[in-house]
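Fold and contact review
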Amino acid sequence: METTSLQGQRRDPAEDGTASGRLVVRVNGVLHDVKDEDPQMSLAEYLRSILHLCGTKTMCDEGGCGCCVVVIEYDDPVKPEKRIIKSMNSCLFPIGCLLSLKNHQVITIEALGSVKKGLHPIQQRLADYNGSQCGYCSPGFVMQMYGLLKNNATPSAQEVEDNFDGNVCRCTGYRPILDAMKSFVKDTGTKLRGPSVDIEDLLRCPKMKRPCVPCIDAAEGTSSILYSKDGIIWYQPTTLTQLYLIMQEHSREAVKFVHGDTAKGVYKGDGPYKVLIDVKGIPDLYNVTMEASGLKVSSNITLSSLIDYLKRYSDQSPSYSVIARHLLKVANGPVRNAGGWAGNLMMKWKHREFVSDVFVAFEVAGAKVTVSDITELNTYTLMQFLDVNMQGKILLCVQIPKLTETEKMNTYKIMPRLQNAHTYVSAGFRVQLRAWDKKLLVENISMVYTGISKDFIHAVATEKYLRDKDITSNVTLQGALTTLEKEIIPDANNPLVASAKYRKSLALGLFYKFFLSLLSENVISPCNRSARYSLERPISRGKQTFSSKPEEYPLTKPMPKLNAQLQTSGETQYINDLLPLPNELFSAFVLSTEGNATINNIDITAAMNVPGAAAVLKAKDIPGSNTFVPPPNEVEEILSSGPVLYAGQPIALCVADSAHHALQMVGEVKVSYKDRKPPIVTLDDAINKKSFFPSPGKDLLVGDPTSAISNSPCKIEGEVRAGEQYHFHMETQICRCVPTEDGLDLQASSQWLDFAQQAVAGAVGLPAKDINITAKRLGGAYGGKASRASLVACSAAVAAAVLCRPVRCAMDLSTNMKTIGKRHGYIFKYKVGFNKDGILNGIIITYYCDNGSCPNDNEVGTSFVFSDNAYKCKNWQLIPVAVKTNRAPHTWCRAPGSTPNVFVIETILEHVAKYLSLDPIRVKQKNLYAQGDATPMGFVLPYCSIQELYSSQLTKVDVAGRQQAIKKFNADNNWKKKGLAVVPLKYCMYWTEGYYLCTVSIFASDGSVMVSQGGIESGQGLDTKVAQVCAYTLGIPINLISIKPTTTVNSPNSGATGGSVTSELNCLGVKNCCEILRKRMKPVKGKLPPGTPWKDLVAACFKDKVNLTAQNWIWPDPQPRDAPQYNSYGVTVAEAEIDVLTGENQINQVDILFDCGESMNPDIDIGQIEGAFVMGMGYWLMEKMIYDPKSGEVLNAGTWDYKPPFSKSIPINFNIELLKNAPNPMGVLRSKASGEPPQCMSCVTLFAVKRAIESAREQAGQSTYFPLSGPATVDVIQTSCLVDPTKFSI
């Protein structure tokens, strides 16, 4: 990477106030000279690329995932004796900003502890509570908790749960993470297990008695220029006078103020700026004073600090608590710790469409801002501020007035997810009332909105209408709503925002909420009172119930993953943590922006002028076959040779000496197109145009469904949809390829090494024997790294082969989301015949499955085994249709095929029940399979227990009693509704698609054991289960066993890791190896005294020439009649609650009963169940892919607009029970799989929400059936409730 100088042109380094006259940053107690680094470099990049502290991870580079969190502490600029300690997103924070923080200290995961030196209590507990699966997010969670404990040693449970609003975990379902962190709550009685080291011992200065090595002043000198090179100047003024002079000097240039630099996480394309000014070193911009007129806050105050001040002075005005509560919904903790209110307002000033919650809260409160330059100060309202010419000016402070005694104020923010999401619509209302003649009149009112349109802020007409009106009158309410309805005209041209219909209804509903809140409870009808309040989420909890057999330990022992401590300490190495090799290059893809065209020209001239540029590779440069999927699959080009099939398709590969320069090169490549055609973007468009791939298989026809339906007394037809889902593995697609004398060595984040080996061999024109691929672990996968991982593997290999240098190919999040396909989307159309009691007679389903632009990973037609779920019907016709669209080829995603197939049959049963006006829970129960029944696939169910499980679960969790309570709740409340649903499961587990080579070797020198197997650890606990089985079978301690990385050398020809079978089949393979070894060792053991130690037994066997290595190729034969190896059964009950006016919802309780056989490791299996279920909740309730309707490009390719579940998305009461006394005679050591089946039951949350919506619709006079497709996002839920503002009343 090219380095640049931090040394100013007009300053003497000796005059710096820094240690030894240098520009230094302190990280983990060590000083580092940064005079040769670009101050704009992110702290994350500096930690990882320069200091090689790779425990800090990166993924989104926009402050939205939390895996890059570090803690920064420094002297308070106003009170130097006080230390400020904050968790921050290091991906956003520039290293130059550290230099304005006096006595700063950056603390990373490495400083807290390590496995060898002792873990910090946070690291230890997160591991002990099984709160780490793939481990990629773990350092971020640890550091976020560390930041909380540094500021509050005894947090409450609520404070702990509130703390993680910026951290994503795709694996665990969050529950064990929250449990681990809540163990630090005072008086929980939780005792720390294991040794620990206190970071204060590492960082405390013996003299000063605080974390402080030789003091570092903020950088200062005769000039405030910190950096000047290549036309870019970075200033670091320390006084307002310096700042004014700098602004005057650059009054004609675009200037960027840098405080936390969080805005680049939203507007990545802003700039480029030639003048940057770090304002954090100016003490005068930190002043906060409580004056008679209100709270005066200077512009360097961060959002977090502002919230604290508002809480501190909440006794001065009730509006301060309202504003604080609202600001807590802005972004997340680490972003609020770095970003300031002033920067947020400046984003609104520059980007009028920006949905600024700071602006809403300040404007409705009547705040005024002071703007200054070198000559004058001016005070403006927030509305006036938007039109101020800020060239050469600074935002100095804000004055937040107090409410008068007759004023009331409230604000609302409705967003796609409860945490860390921008708003759909935010609103603030402030009113001054006066009592007169038994009336309550509006003296004055302010109604502020954002999210309606770029220019709509005040509801001026409604404000005018309400003046002098009596708010105790329904006439006033309806008059105001009528006026508001006319002036609310939402924009309807941005696919990224919710529908105009929803946003208008939401704006009216929020006003209704505020209107009712002004009235005393006795004035409001009891059934309307719930409108006033938002959903209240209590502290989450959960119960895990299971049994184990201590006599078989370590088998069946509930224990954390073997590598859990390495993961929570940040010591686990992922591919991008590997230090660069000498001459290593980095690559990035140039993506198509058209969705259906032909490349005309690729101009690389400007790209090759980027510093560090090595090459821009095109299709013609590929030495072998231009496809990343080996035969007999259809060709999928590594780089487009001309035809462009979807927006986001790779068309060139930029290679440079750093990842940063490679991405710079991508921005300089100019691509022109020809033969442009309108792309087919949606399933509906494809169906209308009959854009289909060849039939993926025959229809499944059982009996005569057409006649059965025709002859049935009751018939229905319907349609329902299931959307797509991005895998959201925290480690994005990545591979490193190194040329060697033997060929090519690759470190690949891949679930399928054999597939990648074949693809790479074809792409570079070498035999498979010359391609060596290794995968130690994956930072998440979920199917996204099966066939798709070969794209980066082939790209890295091609570049390495052409340039004869090591090459790393890593996708950033945006590229990953645009280039790689998602879970297949579906339209299901069905016809059903049934009796009046709900018994099914005949079913016909057509599955329209979006395969994207290539059908290689097609799942439709191959998943019919799941289409019946747990329900018996004699007549079936299942019709698969593989649809072709101009989208990235879709691929397998956790529980592929089974998840949508279970959803559609559950939808059918729901529809049947609604038609008959029966309880769907009972209709489902009537149609459940019994032992000995035959499925439509033709096999018999010999161990079917679903009827018993269903009945017992209904009783155990008191479904009947809760239904009655919900019925009463819904009758009593017009604007809050609850619903309860039940989904059973029969999951067919096939072993025939899994094939793996397993090897167990015993070392003669000490008896330790080395195991290699064909699966790849990706968070599912594969290595741990394998070690448990090995230890159990050999009868040795588990600490004698080491699981080695999976390679194409030690496990050639092995199949993909996936389908939930990998763990059990590799356990079976290793078990077989161990039994071979025991058989070989038995004769020697018979000659030795009883109780001979294992080490001595091994030595004796070696002396007797016994082969201490055993291999087993595991590839099970199919069962008779193509039956599954076994079936897993489960029953899940979910209870949901919705806010009818907003669509906000929460899952109050989930109870899962799952048949796991005899679990090999209940901790791991419960973790898999929770993780799968929460990922499914995201699919059904939150995660929506959004495409440009014209080009087909993914528009929400990042954390700003794509919303997977967060820690407050999970069920409030989350209970898991593993079925007891249920050994599986057809499984490995009586166990069953757990990775994917539970996800199929997650649609129960959607159906619970649907029950609540049905109650709202019935109240609105609409009781007919309606389909609820997934994802049922907040806006879909609200509009489905048929909210009619004309029915709003007091």
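If you're wondering where the values come from, they're calculated on a predicted model, not measured in any experiment.

A short note on the overall build of the protein
Helices and strands together make up the secondary structure of the protein, namely 36 helices and 44 strands. For a compact globule of 1290 residues, the expected C-alpha radius of gyration is about 33 Å, and the protein comes in at 31 Å, within 12% of that figure. Dimensions along the principal axes, computed over C-alpha positions, put the protein at roughly 95 × 80 × 70 Å. The buried share of the protein, reckoned over its 1290 residues, is 64%. Here the analysis covers contacts within the protein between residues at least 6 apart in sequence; of these, 77% occur between residues at least 24 apart. In the form shown here, the protein has an accessible surface area of approximately 45400 Å², with 51% of it arising from carbon and sulfur atoms. In the protein, the 135 positive side-chain charges and the 127 negative ones have mean positions that sit 4 Å from each other.

Here we look at helix H17 (residues 500–517)
Between its first and last C-alpha, H17 extends 26 Å over 18 residues, near the 26 Å set by a 1.5 Å rise per residue. Burial of H17 is extensive: 14 of the 18 residues sit out of reach of the surface.

Topic: the packing of aromatic side chains
Counted under the stated rule, the structure contains 33 aromatic pairs. Geometrically, the ring pair formed by Phe834 and Tyr915 is edge-to-face, given 5.5 Å between the ring centres and 90° between the ring planes. Linking Phe834 in strand E33 (residues 826–834) with Tyr915 in helix H26 (residues 898–916), this pair joins segments that are 81 residues apart in sequence. A relative accessible area of 44% means that Tyr915 is categorised as partly exposed. Following the ring pairs from residue to residue traces out a cluster consisting of Tyr412, Phe429, Tyr449, Phe456, Phe511, Phe514 and Phe515. The residue whose ring lies beneath Lys469 is Tyr465, and the NZ or CZ to ring-centre distance is 4.4 Å.

So, the sheet that holds strand E28 (residues 714–722)
One open sheet accounts for five strands, arranged E27-E35-E34-E33-E28; its pairing is mixed. Both edges of this open sheet fall to strand E27 (700–702) and E28, since each of them pairs with a single strand only. Taking the axes of each pair of neighbouring strands and ignoring which way they run, one obtains an average angle of 10° across the sheet. In terms of strand pairing, strand E34 (residues 840–850) meets strand E35 (residues 875–883) through nine bridges, oriented parallel.

Overview of the pairing of strand E15 (residues 377–381)
Inspection of the sheet shows strand E14 (residues 368–372) paired to E15 by five bridges, in the antiparallel sense. Looking at E15, one finds that Ser372 is bridged to Leu377. Count of turn residues in the E14/E15 antiparallel hairpin: four residues.

Thoughts on helix H33 (residues 1162–1181)
Under the 1.5 Å per step criterion, the end-to-end length of H33 is 28 Å for 20 residues, consistent within 8% with the ideal 28 Å. Here H33 lies mainly inside the structure; 19 of its 20 residues are buried. Capping the start of H33, Asn1161 holds a side-chain oxygen 3.1 Å from the backbone nitrogen of Asp1163, two or three residues further along.

Remarks on the environment of Arg1121
In this structure, Arg1121 sits in the loop between strand E41 (1109–1114) and strand E42 (1126–1139). Among the residues examined, Arg1121 registers a relative accessible area of 64% and is labelled exposed. Each C-alpha atom of the pair Arg1121 and Phe939 lies 6.2 Å from the other, and the pair is 182 residues apart in sequence. Sequence-distant contacts of Arg1121, defined by excluding residues within four places in its chain, comprise Gly938 and Phe939.

Side note on the nonpolar core
With 242 residues, the main nonpolar core has Tyr449, Phe511 and Val1009 as its most contacted residues. Per element, the largest residue contribution to this core is ten residues, and it comes from H17. Core analysis: the second largest hydrophobic core is formed by 47 residues, Phe589, Ile771, Ala797 and Tyr995 among them.

Focus: the state of the cysteines
By definition, a disulfide is the covalent link that joins the sulfur atoms of two cysteine residues. What the rule picks out here adds up to zero disulfides. No disulfide involves Cys809; its nearest neighbouring cysteine sulfur is the one of Cys735, lying 7.8 Å away.

Quick look at the sheet that holds E15
Ordered by their spatial adjacency, five strands build an open sheet running E12-E13-E16-E14-E15, and the pairing between neighbours is antiparallel. Because the sheet does not close on itself, it has two edges, and the strands there are strand E12 (288–291) and E15. Averaged over all adjacent pairs, the angle separating strand axes in this sheet is 20°, with direction ignored. In this sheet, strand E13 (residues 294–298) lies alongside E12 in antiparallel orientation, the contact comprising four bridges.

Brief notes about the packing of helix H12 (residues 341–350) against helix H13 (residues 357–365)
In contact at an axis separation of 8 Å, H12 and H13 are set at 100° when each is read in the N-to-C sense. Relative to H13, H12 is oriented roughly perpendicular. Seen from H12, the contacting residues are Trp341, Asn344, Leu345 and Lys348; seen from H13, they are Val358, Phe359 and Phe362. In terms of residue class, the contact of H12 with H13 is built from five nonpolar, one polar and one charged.

Re the pairing of strand E21 (residues 585–591)
Taken across its seven residues, E21 has seven buried, putting it largely inside the fold. Summarising the sheet, E21 and strand E32 (residues 807–810) pair through three bridges and their orientation is parallel. Its bridge partner being in E32, Leu585 is matched across the sheet by Val807. In the sheet, E21 pairs with strand E25 (residues 650–656) via six bridges, with the strands oriented antiparallel.

Section: unusual backbone geometry
Between Tyr553 and the following residue, Pro554, the backbone shows a cis peptide bond with an omega angle of 10°. Within the secondary structure layout, Pro554 lies in the loop between strand E20 (541–545) and helix H18 (564–568). Here the bond from Gly1270 into Pro1271 is cis, since omega is 0°, no more than 30 degrees from zero. Structurally, the position occupied by Pro1271 is in the loop between helix H35 (1244–1259) and helix H36 (1274–1280).

Let's talk about the side chain of Thr907
Checked against the element boundaries, Thr907 lands in helix H26. Classification of Thr907 by relative accessible area gives buried; the value is 2%. Contacts of Thr907, omitting those with residues within four sequence positions, involve Val720, Tyr830, Phe1247 and Tyr1265.

A short note on the side chain of Thr572
You can see Thr572 is positioned in the loop between H18 and E21. You can call Thr572 buried: its relative accessible area is 4%. A distance of 3.1 Å separates the side chain of Thr572 from the backbone nitrogen of Gln567, its partner in a polar contact. Leaving out residues up to four positions away in the same chain, Thr572 has contacts with Lys57, Asn563, Leu566, Gln567, Asp577 and Arg777.

Thoughts on the pattern of salt bridges
The final tally for this structure, using the stated rule, is 62 salt bridges. A salt bridge links Lys256 to Asp261; the shortest N-O distance between them is 2.8 Å. According to the relative accessible area criterion, Asp261 is buried, its value standing at 11%. In this structure, Lys1250 engages Glu1254 in a salt bridge whose closest nitrogen and oxygen atoms are separated by 3.1 Å. Residue Lys1250 and its partner Glu1254 are both found in helix H35; the two are separated by four residues, about one turn of the helix. Three or more residues are tied together by salt bridges with common partners; here these are Glu906, Glu910, Lys924, Lys1250, Arg1251 and Glu1254.

Looking at the packing of helix H3 (residues 121–128) against helix H6 (residues 175–182)
The geometry of H3 relative to H6 is characterised by a closest axis approach of 8 Å and an angle of 140° between their N-to-C directions. Between H3 and H6, the angle is such that the two are oblique. The element H3 and its partner H6 pack so that their crossing is right-handed. On H6, the residues touching Ile122, Arg125 and Leu126 of H3 are Ile177, Ala180 and Met181. Here the contact of H3 with H6 is composed, by residue class, of five nonpolar, no polar and one charged.

Observations concerning the confidence of the model for the protein
Any segment with low pLDDT has predicted coordinates that should not be analysed in fine detail. For the protein, the mean per-residue pLDDT works out to 94, and 95% of the residues sit at or above 70. Considering only residues more than four positions removed or in separate chains, one finds that residues 1–21, a stretch of pLDDT under 50, has 64 contacts. Across residues 189–214, where pLDDT falls below 50, the model places 54 contacts with residues more than four positions away in sequence or in other chains.

Criteria and thresholds
- Along each chain, the written sequence defines residue order, and numbers are assigned to residues from 1.
- Note on the predicted model: pLDDT of at least 70 is required for a residue's local features to be given, and 80 or more for side-chain atom pairs to be given and counted; whole-chain, interface and lining totals, by contrast, use all residues.
- With hydrogens and water set aside, each side-chain value is computed from the structure's full complement of heavy atoms.
- In this description a helix means any DSSP run of H or I spanning at least four residues, a strand means any run of E spanning at least two, and both kinds are numbered starting from the N terminus.
- Radius of gyration means the value over C-alpha atoms here, while the globule rule gives 2.2 Å times the residue count to the 0.38 power.
- When accessible area is computed with a 1.4 Å probe and restricted to protein chains, residues below 20% of their type maximum are described as buried, those above 50% as exposed, and intermediate ones as partly exposed.
- Every residue pair with non-hydrogen atoms within 4.5 Å of one another is taken to be in contact.
- Each accessible area is a Shrake-Rupley result for a 1.4 Å probe, and residues are judged covered by the shown protein chains and nothing else.
- Positive residues here are Lys and Arg, negative ones are Asp and Glu, while His and the chain termini are left out of the count.
- By convention, charge coordinates are those of NZ in Lys, CZ in Arg, CG in Asp, or CD in Glu.
- Expected helix span is taken as 1.5 Å per residue step, with the number of steps being one fewer than the number of residues.
- Here a pair means two rings of Phe, Tyr or Trp (six-membered ring of Trp) with centres within 6.5 Å. Their orientation is stacked below 30 degrees between planes, edge-to-face above 60, and tilted elsewhere.
- Charges are assigned to positions over rings by a cutoff of 6 Å between ring centre and Lys NZ or Arg CZ, combined with an angular limit of 35 degrees from the ring normal.
- In this analysis, strands are considered paired if DSSP registers two or more bridges between them.
- A fitted line through C-alpha atoms serves as each axis, taken over the contacting stretch for helices, and the angle formed by two N-to-C directions is quoted from 0 to 180°.
- In protein, a polar contact means a hydrogen-donor-capable atom and an acceptor-capable atom, both N or O and within 3.5 Å, with residues adjacent in sequence counting only if both atoms are side-chain atoms; elsewhere, any N or O pair within 3.5 Å suffices.
- What we call a nonpolar core is a set of buried Ala, Val, Leu, Ile, Met, Phe, Trp, Tyr and Cys residues that are connected through their side-chain atoms within 4.5 Å.
- In what follows, a disulfide is any cysteine sulfur pair within 2.5 Å.
- Note that the term roughly parallel is reserved for angles under 35 degrees, roughly antiparallel for angles over 145, roughly perpendicular for angles of 65 to 115, and oblique for everything else.
- Residue polarity is assigned by list, with Asp, Glu, Lys and Arg as charged and Ala, Val, Leu, Ile, Met, Phe, Trp, Tyr, Cys and Pro as nonpolar; anything else, Gly included, falls into the polar class.
- Put simply, a salt bridge is a Lys or Arg side-chain nitrogen that is within 4 Å of an Asp or Glu carboxyl oxygen.
- Two helices that cross are described as forming a left-handed crossing if the nearer one is turned anticlockwise from the farther one by less than a right angle, and a right-handed crossing if clockwise.
- Known as pLDDT, the predictor's per-residue confidence is scaled from 0 to 100.

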